[in-house]
Amino acid sequence: MTKFKWITVDAYSALLDLEGSMVPIVRQLIPEPSVDPLAFFRMWRTRQWDYVLLSSNLGKGYHSYRYLTEATLTYTLAKFKIELTPELRAQLVAAWAQLKAWPEAKNVFAEIKNRGYKIAILSNGDEDMLHPLKESTGIPFDEIFCAEQAKAYKPNPLIYRLPFERLQLHIDDVLHVAGSPFDIMGAKSAGLHCAWSNRYNEVPIDLKYQPDYQWSNLSGLLEIL
């Protein structure tokens with residue numbers, strides 16, 4: 001058994017199946033035969049990530065994740081030459097609060113809680129986008145830590161410090177579960193213990209920032225907890 005007390009998990013890569021959740025919604029709300037819903041969503045998600053990183057360097061203060069999501073939806077619609085009503089645009093943005101977890105996630109985190117650990121989301125999302133995920137995923141998270149609280153996005157260390165500042169935890173009390181090379185780099189740079197749910201067999205961006213543990217999905221957590 002490990003020494004950790006809290007398990008934090010990244011929402012939009014480690015916990016949630018973004019493409020599996022969003023592509024059917026894109027297909028439903030943009031039913032044009034010429035539009036590939038997967039390509040549309042991947043462009044939207046990529047530009048959303050780009051804007052997260054850009055916003056940290058513009059010197060214009062913090063903008064909410066919802067704002068970044070709406071702005072990059074506008075960009076993607078323009079690139080695909082699509083016009084949508086305000087109502088349909090709002091439905092696409094609202095879908096980010098109703099995402100589905102990966103198939104094993106609910107059982108894995110139920111067992112982790114059964115073993116006595118506390119669990120939390122640690123995410124770039126806004127609070128009002130993340131709290132509904134407790135309902136949609138059925139996972140009873142004990143806390144939500146997010147960029148809105150830190151007024152900074154990953155990989156800024158301010159967001160990774162939230163559990164320690166709020167709960168007065170020691171660095172060895174927390175294991176962060178990442179789902180992307182970006183999150184690995186941010187977590188390790190901030191000094192956290194980190195596990196990687198590496199579904200797509202990716203590699204670290206910089207070999208100096210290696211995860212402490214790595215598996216192909218969240219089930220691997222049960223091997224060490």
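Now for a quick tour of the structure. Quantities reported herein were computed from a predicted structural model and do not represent experimental measurements. (Residues numbered from 1 in each chain as written. Predicted model: local features only at pLDDT ≥ 70, side-chain atom pairs only at ≥ 80, totals over all residues. Heavy atoms only, no water.)

What follows concerns the overall build of the chain. Regarding its fold elements, the chain presents 11 helices and six strands. Expected size for 225 residues packed as a compact globule is a radius of gyration near 17 Å; at 17 Å, the chain falls within 12% of this value. With the C-alpha coordinates of the chain rotated into their principal frame, the extents come out at 55 × 40 × 30 Å. Buried residues in the chain amount to 48% of all 225 residues. By sequence separation, contacts in the chain at least 24 residues apart represent 61% of the contacts at least 6 residues apart. Summed over all atoms, the accessible surface of the chain reaches about 10700 Å², with 52% contributed by carbon and sulfur. Charged side chains in the chain number 24 positive and 26 negative. The centres of these two groups are separated by 1 Å. (Helix = DSSP H or I, 4+ residues; strand = E, 2+ residues; numbered from the N terminus. Rg over C-alpha atoms; globule rule 2.2 N^0.38 Å. Buried < 20%, exposed > 50% of the residue type's maximum accessible area, 1.4 Å probe, protein only. Contact = heavy atoms within 4.5 Å. Areas by Shrake-Rupley, 256 points an atom, 1.4 Å probe, with all protein chains shown as cover. Lys, Arg positive; Asp, Glu negative; His and termini not counted. Charge placed at Lys NZ, Arg CZ, Asp CG, Glu CD.)

For the rest of this paragraph, the subject is the sheet that holds strand E1 (residues 6–9). Where strands meet in a sheet, backbone hydrogen bonds hold them as pairs that are either parallel or antiparallel. The strand order E3-E2-E1-E4-E5-E6 describes an open sheet built from six strands, whose pairing is parallel. The strands lining the two open edges of the sheet, one partner per strand, are strand E3 (143–146) and strand E6 (213–215). Between one strand axis and the next, the sheet turns by 25° as a mean value, whatever way the strands run. Summarising the sheet, strand E4 (residues 174–178) and strand E5 (residues 193–197) pair through four bridges and their orientation is parallel. (Pairing = 2+ DSSP bridges. Axes fitted to C-alpha atoms, helices over the stretch in contact; angles between N-to-C directions.)

Our next topic: the environment of Glu143. Residue position: Glu143 is located in strand E3. Residue classification places Glu143 among the partly exposed residues on the basis of a relative accessible area of 23%. Separated by 12 residues in the primary sequence, Glu143 and His131 have C-alpha atoms spaced 9.5 Å apart. Leaving out residues up to four positions away in the same chain, Glu143 has contacts with Trp6, Ile119, Ala120, Ile121, Arg166 and Leu167.

Using the criterion set out here, one finds 13 aromatic pairs in the structure. Site record: aromatic cluster; members linked through ring pairs are Tyr12, Phe40, Phe41, Trp44, Tyr62, Tyr65, Phe80, Trp96 and Tyr153. (Phe/Tyr/Trp six-rings, centres within 6.5 Å; stacked < 30°, edge-to-face > 60°.)

The subject of this paragraph is the nonpolar core. Core analysis: the largest hydrophobic core is formed by 73 residues, its most contacted members being Tyr12, Phe109 and Leu221. When residues no more than four places from it in sequence are discounted, the contact partners of Leu221 are Val108, Phe109, Ile112, Leu175, Val177, Ala195 and Trp215. (Core = buried A, V, L, I, M, F, W, Y, C linked by side-chain atoms within 4.5 Å.)

So, about a nonpolar patch on the surface. Together, Leu53, Phe182 and Ile205 give the surface a local cluster of nonpolar side chains, amounting to about 260 Å² of exposed area. Among the structural elements, Phe182 can be located in helix H11 (residues 181–189). Under the relative-accessibility criterion, Phe182 is labelled partly exposed at 39%. (Patch = residues over 30% accessible without salt bridge, like charges linked within 9 Å, V, L, I, M, F, W, Y side chains within 5 Å. Salt bridge = Lys/Arg side-chain N within 4 Å of Asp/Glu carboxyl O.)

This paragraph deals with the side chain of Asn124. Position of Asn124 among the secondary structure elements: in the loop between strand E2 (118–123) and helix H7 (127–137). You can call Asn124 buried: its relative accessible area is 7%. A polar atom in the side chain of Asn124 sits 2.9 Å from the backbone nitrogen of Lys154. Discounting residues that sit within four places of it in the chain, Asn124 has contacts with Trp49, Val52, Tyr65, Ala147, Tyr153, Lys154 and Ile159. (Polar contact = N/O pair within 3.5 Å; in protein donor to acceptor, adjacent residues only side chain to side chain.)

Further remarks concern the pattern of salt bridges. Inspection of every chain in the model, using the stated rule, returns 11 salt bridges. Across the pair Asp10 and Lys154 runs a salt bridge, and its minimum N-O distance is 2.6 Å. Placement of the pair is Asp10 in the loop between E1 and helix H1 (11–15) and Lys154 in the loop between helix H8 (147–150) and helix H9 (157–160), with a sequence separation of 144 residues. The exposure class assigned to Asp10 is buried, which follows from its relative accessible area of 8%. Salt-bridge contacts for Arg42 lead to Glu19; the nearest nitrogen and oxygen are separated by 2.8 Å. In this pair, Arg42 sits in helix H3 (residues 37–55) while Glu19 sits in helix H2 (residues 18–29), placing the two residues 23 residues apart along the sequence. We classify Arg42 as partly exposed; its relative accessible area is 42%. With a relative accessible area of 27%, Glu19 lands in the partly exposed category. Overlapping salt bridges, with partners in common, bring together Asp10, Lys154 and Asp183 in one network.

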